[in-house]
Amino acid sequence: MIPFGAGFSLEGNFSQPYSGICIDFTLMDKILAFHPDDMDVVVQPGIIWADLNTQIESSGLFAPMDPSVAATVGGMVSTNCSGPYAFRYGTMKDWVLNLTVVLADGRVIKTRRRPRKTSAGYNLTSLFVGAEGTLGIVTEVTLKLAPIPEDSSVAVVPFVSIAEAANAATALIRSGIPIAAMGITDEVQMKILNLYGSAGVRKRRWEEKPTLFLRFAGTTQGIQSDISKVKEVVRPFNVPFVLPKSKAEEKAFWAASKEALFSMVKIRPEGMEMWSTDVAVPISRLAEIIEWSKRECGNRKLKIFATVLGQVGDGNFHLAMFYNPRNQKQKEAVEKFVKEMMDMALEMGGTVSGQHGIGIGKKDYLRDELGPETIGLMRELKRTVDPKWIMNPGKVFD
Ligand SMILES: Cc1cc2nc3c(=O)[nH]c(=O)nc-3n(C[C@H](O)[C@H](O)[C@H](O)COP(=O)(O)OP(=O)(O)OC[C@H]3O[C@@H](n4cnc5c(N)ncnc54)[C@H](O)[C@@H]3O)c2cc1C
């Protein structure tokens, strides 16, 4: 039984190596109860986060996780997703109050009640968040909500090198300035935006340099103060600090940052595949691994076309590469490179998956990250909850 939300996950999380029954949640997309006074909402798993936010907008509240545009809450819970706002708001696990889950034997359980705080018993909510549908089917989700900030702004800061951009990102993280979101894109990605961005994004000619996109949110006065402090932190890098002149321009700035991965998908040449992978490392090692990944990938004799992007605010970044699946040498070179990148992240004390889960693609790396004892306990949990191994088999571990 393979649950399916919007199919936007990136590690083969919903693929079906043993065939089976695909359970599509598209039509279970309703808000079941909205408690604005308690700042929470109970939803069915098929609701798309953006639709949820549109429906509750007039209350002044929103659900702050925003991964790919059409992701569903069920898929977001099951991958423990995040998004650009993770820097300020954390990841999906921080916003789930309780879950209703149908277990493999048909029992229906509710993991908790609705208070924002509880220390009652085992944290079963967290057991199912990020389980990728391998432990049960999520049929209801109670989410915490946050107040919509009064105002927002976006700054675009181009750097001379990706290392400088990453170093500035680390300095900003350490500064403690409450930036809402922080994205990095390399010069390749900026060029792609100039050529293939959406109409609004292409109105502007972007500097084709490694760039930080910084989003600010809060009171108008607070934002001005945050921007001044950020300018101080990036001053030693001697870089331009571009602010939007209007709300429309602000929207275009943010759209550019959000469009990054999609623009890459758009330019994929016929017959080529895209491999997008992510890691997260302790923030002090961020610049080092980004620079290493970019350099090493570019160095391969087989000329892998690759671009760096990501939500660096929490030490996470992505590398997206094109390869020809019929060119065995190139495919192997990409596989080898991804393995080296995972090894490097682990050596730095990081993780092989910052936000896309393990799926089918990262099972071996998870073993490297956690070791046989930890994986062994995960297996025992799986066996207890799903003894016949019928829930999304072949994912997370074998
Ligand atoms: C362009 C693009 C940008 C992206 N940006 C981000 C980003 O910023 N941050 C981020 O974290 N991710 C990002 N992603 C990845 C993706 O958006 C997330 O993994 C998202 O959470 C997937 O949601 P989905 O509804 O598509 O789930 P699916 O892909 O349909 O499913 C994901 C997993 O959840 C399981 N599942 C789905 N519904 C249920 C359910 N009801 N019960 C139990 N299990 C279930 C599935 O079996 C599968 O294992 C991006 C992807 C793309 C293509």
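Residues numbered from 1 in each chain as written. Predicted model: local features only at pLDDT ≥ 70, side-chain atom pairs only at ≥ 80, totals over all residues. Heavy atoms only, no water.

## Brief notes about the domain arrangement of the chain
So, point 1. When cut into domains, the chain gives domain 1 (2-147), domain 2 (151-261) and domain 3 (268-358 + 365-385).
So, point 2. One C-alpha centre belongs to domain 2, the other to domain 3; they are set 25 Å apart.
So, point 3. Listed per partner, the contact involves 20 residues of domain 2 and 19 residues of domain 3.
So, point 4. Buried area between domain 2 and domain 3, both sides added, is near 1,500 Å², and the carbon and sulfur share of it is 73%.
So, point 5. A per-residue breakdown of the area domain 2 buries against domain 3 is headed by Ile 173, Ile 184 and Leu 261, which together make up 33% of the total.
So, point 6. The tally of links between domain 2 and domain 3 comes to two salt bridges.
So, point 7. Two residues, Lys 294 and Glu 187, come together in a salt bridge whose shortest N-O distance is 3.4 Å. (Domains from an automatic or database assignment. Contact = heavy atoms within 4.5 Å. Buried area = accessible area lost by both parts, 1.4 Å probe. Salt bridge = Lys/Arg side-chain N within 4 Å of Asp/Glu carboxyl O.)

## Considering the side chain of Lys 144
So, point 1. Among the secondary structure elements, Lys 144 is positioned in strand 8 (residues 137-144).
So, point 2. One buried charged side chain, Lys 144, makes no salt bridge at all; its nearest oppositely charged neighbour is Asp 94, positioned 6.7 Å away.
So, point 3. Here the side chain of Lys 144 touches Asp 94 through a polar contact of 3.1 Å, landing on its backbone oxygen.
So, point 4. Here Lys 144 is in contact with Met 39, Asp 40, Asp 94, Trp 95, Leu 97 and Arg 116, once residues within four sequence places are set aside. (Helix = DSSP H or I, 4+ residues; strand = E, 2+ residues; numbered from the N terminus. Buried < 20%, exposed > 50% of the residue type's maximum accessible area, 1.4 Å probe, protein only. Lys, Arg positive; Asp, Glu negative; His and termini not counted. Polar contact = N/O pair within 3.5 Å; in protein donor to acceptor, adjacent residues only side chain to side chain.)

## Some remarks on the nonpolar core
So, point 1. Ranked by internal contacts, the top residues of the largest apolar core, which has 56 residues, are Leu 212, Leu 214, Ile 290, Val 312, Phe 317 and Met 321.
So, point 2. Broken down by element, this core gets its largest block of residues, eight residues, from helix 11 (residues 328-347).
So, point 3. Of the residues that make up this core, three or more belong to each of domain 2 (151-261) and domain 3 (268-358 + 365-385).
So, point 4. Setting aside residues up to four positions removed in sequence, Met 321 forms contacts with Met 264, Glu 273, Met 274, Trp 275, Thr 277, Cys 297, Ile 304, Phe 305, Ala 306, Val 334, Phe 337 and Val 338. (Core = buried A, V, L, I, M, F, W, Y, C linked by side-chain atoms within 4.5 Å.)

## A look at the pairing of strand 8
So, point 1. Burial analysis of strand 8 places seven of its eight residues in the buried class, which makes it a mostly covered element.
So, point 2. Looking at chain direction, strand 4 (residues 40-43) and strand 8 are connected through four bridges and run antiparallel. Considered in strand 8, the bridge of Val 43 is made with Val 141.
So, point 3. One ladder, built from six bridges, connects strand 6 (residues 96-102) with strand 8; its direction is antiparallel. Pairing of Val 102 across the sheet is with Ile 137, part of strand 8. (Pairing = 2+ DSSP bridges.)

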